[in-house]
Amino acid sequence: GENVEQHPSTLSVQEGDSAVIKCTYSDSASNYFPWYKQELGKRPQLIIDIRSNVGEKKDQRIAVTLNKTAKHFSLHITETQPEDSAVYFCAASYSNDYKLSFGAGTTVTVRA
Amino acid sequence: SAVISQKPSRDICQRGTSLTIQCQVDSQVTMMFWYRQQPGQSLTLIATANQGSEATYESGFVIDKFPISRPNLTFSTLTVSNMSPEDSSIYLCSVESDTQYFGPGTRLLVL
């Protein structure tokens, strides 16, 4: 099955700086890569996703890049704010079955 | 986006008992899933809840321990059977509707 590795496990950044989280996946058949944000005690919320026919996608301060050849994808958060503090999970799936394999998560702390 | 509710939101149970968790969606969806999130950990897929047929379980999860029902396209239940403290987790249902949305989760503590 799919194996998703995520790094780093924790990330502390100064407010206003950028944060980058990287994930690698093992199954070359995977073609959908969502990122979820989970605040303490809350459900995971989708913040951005990318499909394998696209190399990069941006939504305001958040961007995701995908390198299919290297089988890795990254989340970039610019101009970080305290409300960006949360656990972020990457995931991968094959669009025919929609089953998500998650990375271990990254705890992001934005220092004011 | 789909609106998903789960009942109960949390429960404390004694070992050896069973708990049934309900997941309700506000629209018909083809794909529904059940995930487990152990304390401080990531999400792990338990099974795909198939409407009108038996659920499809992932490696490490079996029907006897986690029976699942899916009577229609808006509702599913997950039962955690013969519980032990190791079953203490958050159980989340999710639905696929262009992208995957999660329910609020059921926080289970087994004593």
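### Observations concerning the state of the cysteines
Residues and elements named next belong to chain A.
Then, number 1: Applying the stated criterion across every chain yields a total of 2 disulfides over all chains.
Then, number 2: Disulfide partner of Cys-23: Cys-90, at an S-S distance of 2.0 Å. One disulfide, between Cys-23 and Cys-90, carries an S-S torsion of -100 degrees and so falls in the left-handed class. Of this pair, Cys-23 sits in strand S3 (residues 19-25) while Cys-90 sits in strand S9 (residues 86-92), and the two are 67 residues apart along the sequence.
Then, number 3: On the accessibility criterion, Cys-23 (1% relative accessible area) is buried.

### Brief notes about the nonpolar core
Then, number 1: Judged by nonpolar contacts, the single largest core of 26 residues is most densely connected at Trp-34, Ile-46, Phe-66, Ile-68, Leu-78, Tyr-91 and Leu-108 of chain B.
Then, number 2: Breaking this core down by element, the ones donating at least two residues are strand S3 (19-25), strand S4 (31-37), strand S5 (43-49), strand S8 (75-80), strand S9 (89-97) and strand S11 (106-110) of chain B.
Then, number 3: It is S3 of chain B that provides the largest number of residues to this core, a total of 4 residues.
Then, number 4: With 24 residues, the next largest nonpolar core counts Val-13, Ile-50, Leu-66 and Val-108 of chain A among its residues.

### Some remarks on the sheet that holds S3 of chain B
Two modes of strand pairing occur in sheets, parallel and antiparallel, and in both the strands are linked by backbone hydrogen bonds.
Residues and elements named next belong to chain B.
Then, number 1: Spatial strand order, S1-S3-S8-S7: 4 strands in an open sheet with antiparallel pairing. In the strand order of this sheet, the two ends are held by strand S1 (4-7) and strand S7 (68-72), each with one partner. Sheet twist, expressed as the mean angle between neighbouring strand axes with direction ignored, is 15 degrees.
Then, number 2: Relative to S8, S3 is paired through 6 bridges, and the arrangement is antiparallel. Its bridge partner lying in S8, Ile-21 is registered against Leu-78.

### Topic: the interface of chain A and chain B
For an interface, size is often stated in terms of accessible area lost upon the parts coming together.
Then, number 1: Each side of the interface is counted separately: chain A has 17 residues, and chain B has 20 residues.
Then, number 2: Here chain A and chain B share an interface that buries about 1,500 Å² over both sides, 54% of which is from carbon and sulfur atoms.
Then, number 3: Three residues, Arg-43, Tyr-98 and Lys-99 of chain A, lead the burial of chain A against chain B; their summed loss comes to 38% of the area buried on that side.
Then, number 4: For the pair chain A and chain B, the number of links is 1 salt bridge.
Then, number 5: Measuring nitrogen to oxygen at the nearest pair gives 3.0 Å for the salt bridge that ties Lys-99 of chain A to Glu-58 of chain B.
Then, number 6: Summed over the shared surface of chain A and chain B, the number is 9 residue pairs in polar contact (both at pLDDT 80 or more).
Then, number 7: For the side of chain A that touches chain B, the secondary-structure elements that each account for two or more residues are strand S4 (32-38) and strand S5 (45-51) of chain A.
Then, number 8: Tallied by class, residues from the side of chain A that touches chain B come to 9 nonpolar, 3 polar and 5 charged.

Cut-offs applied
Residues numbered from 1 in each chain as written. Chains lettered and ligands numbered in written order. Predicted model: local features only at pLDDT ≥ 70, side-chain atom pairs only at ≥ 80, totals over all residues. Heavy atoms only, no water. Disulfide = S-S within 2.5 Å. Helix = DSSP H or I, 4+ residues; strand = E, 2+ residues; numbered from the N terminus. Buried < 20%, exposed > 50% of the residue type's maximum accessible area, 1.4 Å probe, protein only. Core = buried A, V, L, I, M, F, W, Y, C linked by side-chain atoms within 4.5 Å. Pairing = 2+ DSSP bridges. Axes fitted to C-alpha atoms, helices over the stretch in contact; angles between N-to-C directions. Contact = heavy atoms within 4.5 Å. Buried area = accessible area lost by both parts, 1.4 Å probe. Salt bridge = Lys/Arg side-chain N within 4 Å of Asp/Glu carboxyl O. Polar contact = N/O pair within 3.5 Å; in protein donor to acceptor, adjacent residues only side chain to side chain. Nonpolar A, V, L, I, M, F, W, Y, C, P; charged D, E, K, R; others polar.

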